[in-house]
Amino acid sequence: MFWVLLLLPAWAVAGVACTRLCLAAVRAAAVDADAGRGHDLTLYEAAFLSGGPRRVADLTLVSMARQRRLLLAHTGWATVVDPRGRDEIERSVIGAIGPEGQSRIAPVRAAAAAADAVRGLADRLVGAGLAVPDGARTTVAAGVRQVRGAAVAVLVLGAVALLMPTPSDMPRTLMALWFALPLALTLSCLAIARVEVHPYARWASPAGQRLLGALIRHAGGDGDRDDRAYLTSVAVHGIRAVGEPELRAAFAHREPYVRG
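About the cut-offs
- Residues numbered from 1 in each chain as written.
- Predicted model: local features only at pLDDT ≥ 70, side-chain atom pairs only at ≥ 80, totals over all residues.
- Heavy atoms only, no water.
- Helix = DSSP H or I, 4+ residues; strand = E, 2+ residues; numbered from the N terminus.
- Buried < 20%, exposed > 50% of the residue type's maximum accessible area, 1.4 Å probe, protein only.
- Contact = heavy atoms within 4.5 Å.
- Areas by Shrake-Rupley, 256 points an atom, 1.4 Å probe, with all protein chains shown as cover.
- Pairing = 2+ DSSP bridges.
- Axes fitted to C-alpha atoms, helices over the stretch in contact; angles between N-to-C directions.
- Core = buried A, V, L, I, M, F, W, Y, C linked by side-chain atoms within 4.5 Å.
- Phe/Tyr/Trp six-rings, centres within 6.5 Å; stacked < 30°, edge-to-face > 60°.
- Lys NZ or Arg CZ within 6 Å of the ring centre and 35° of its normal.
- Parallel < 35°, antiparallel > 145°, perpendicular 65-115°, else oblique.
- Nonpolar A, V, L, I, M, F, W, Y, C, P; charged D, E, K, R; others polar.
- pLDDT = per-residue confidence, 0-100.
- Polar contact = N/O pair within 3.5 Å; in protein donor to acceptor, adjacent residues only side chain to side chain.
- Patch = residues over 30% accessible without salt bridge, like charges linked within 9 Å, V, L, I, M, F, W, Y side chains within 5 Å.
- Salt bridge = Lys/Arg side-chain N within 4 Å of Asp/Glu carboxyl O.

### A few points about the overall build of the protein chain
Of the regular secondary structure elements, the protein chain holds 11 helices and 3 strands. Along the chain direction, N to C, the helices and strands of the protein chain fall in the order α-α-α-β-β-α-β-α-α-α-α-α-α-α. Here the protein chain holds 260 residues, and 43% of them are scored as buried. Within the protein chain, contacts between residues at least 6 apart in sequence are counted, and of these 69% link residues at least 24 apart. For the protein chain, the accessible surface area stands at approximately 14,200 Å², while carbon and sulfur atoms represent 60% of it.

Structure representation (structure tokens):
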């Protein structure tokens, strides 16, 4: 009956791991169910959920350039035309350019992305359940890893029980069936988690992804290129959505910059 001493920890490991994963998935689903109701995304919020802080900085630069309040040269320089920012994020961009009113785009983009205004935007989105907080995916991911480890542990314990030379009245096929039950529990739990647990993007939670999808659908995709639709496209897709060749060339100079 030594195999029973191996079967008990197999069931215990499988049961604990599956329970933890189920509880984590239920908590995540409960938070997601109430998130985003009645919330209309701003362009800044859409930019953050799509590409994070740097996307917000890019959107601000493009928006100010289209309004002729900022000049973005194809050589990669930004020049302030109107020093009065209309909101905190615009003021952070102007502040990043500096008192001389001119700077390379790369350091401006990096500084604006790290500004307090963008961090405040991120905190508000996390508080609303629309953005993924730091480490938010670790609970469910850790649960999945534990269940995978439990499946391996059940296999090992079952193999040890079957290979033990100790005589037993229990037929080995029936013994294998007893170990197959906790293994089936772990594998079925992993399969359900793969289907039911919402995938998280890099920045947007499932609720944030739904709002982004609704924003894209209502932005006007049939050739509608008004300013709102244009900036929505930049917020969601980034600089590759910019149509002006000179403006695209201005951002092409941003990557060689390395912040010291």
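Moving on from the model shown.
### Topic: the sheet that holds strand S2 (residues 77-80)
Read across the sheet, 3 strands follow the order S1-S2-S3 without closing on themselves; strand pairing throughout is antiparallel. Among the strands making up the open sheet, the edge pair consists of strand S1 (70-72) and strand S3 (102-104). The average undirected angle you get between the axes of adjacent strands in this sheet is 20°. As paired elements, S1 and S2 share 3 bridges and run antiparallel to each other.

### A short note on the nonpolar core
Core analysis: the biggest nonpolar cluster contains 49 residues, and Leu49, Val62 and Leu72 have the highest contact counts within it. For this core, the element with the most residues is helix H3 (residues 53-66), which contributes 7 residues. Apart from residues no more than four positions distant in its own chain, Leu49 is found in contact with Leu41, Leu125, Leu130, Ala131, Trp203, Ala204, Gly208 and Leu212. The next biggest cluster of nonpolar side chains, apart from the first, holds 12 residues, and it includes Leu6, Ala14, Val154 and Phe179.

### Overview of the packing of aromatic side chains
Taken as a whole and assessed by the stated rule, the structure comprises 1 aromatic pair. Over the face of the ring belonging to Tyr230 we find Arg66, whose NZ or CZ atom lies 3.9 Å from the ring centre.

### Side note on the packing of H3 against helix H4 (residues 88-97)
Where H3 contacts H4, the axes come no closer than 10 Å and their chain directions differ by 85°. Comparing the axis directions of H3 and H4 gives the class roughly perpendicular. Judged by residue contacts, Val56, Thr60, Leu61 and Met64 of H3 engage Ile89, Glu90, Val93 and Ile94 from H4. A breakdown of the residues in the contact of H3 with H4 according to their chemical character gives 6 nonpolar, 1 polar and 1 charged.

### What about the confidence of the model for the protein chain?
Residue-level pLDDT values for the protein chain average 84, and 84% of them are 70 or greater. Low pLDDT, under 50, characterises residues 254-260; the stretch is placed with 10 contacts to residues that sit more than four places away or in other chains.

### Things to note about the environment of Ala111
If you trace the backbone, Ala111 turns up in helix H5 (residues 105-113). Counting along the chain gives 57 residues from Ala111 to Arg54, while the straight-line C-alpha distance between them is 9.3 Å.

### Considering unusual backbone geometry
Phi is positive for Arg68, which is not a glycine, with a value near 60°. For Arg68, a relative accessible area of 60% puts it in the exposed group.

### Details of the pairing of S2
Only one face of S2 is covered, namely the one carrying Ala78 and Val80; the face carrying Trp77 and Thr79 has none of its residues buried. Linking two consecutive strands that pair antiparallel, namely S1 and S2, is a turn of 4 residues; a positive phi of about 95° is found at Gly76 within it. Both S2 and S3 contribute to a ladder of 3 bridges, which runs antiparallel. Directly across from Thr79, in S3, lies its bridge partner Gln102.

### Considerations on the side chain of Arg109
Note that Arg109 resides in helix H5. Within the local environment of Arg109, its side chain forms a polar contact with the side chain of Asp58, the two groups lying 2.9 Å apart.

### Section: a nonpolar patch on the surface
On the surface, a cluster of nonpolar side chains totalling about 510 Å² of accessible area is made up of Trp11, Leu174, Leu177, Trp178, Leu181 and Leu185. Along the polypeptide, Leu181 turns up in helix H8 (residues 172-196).

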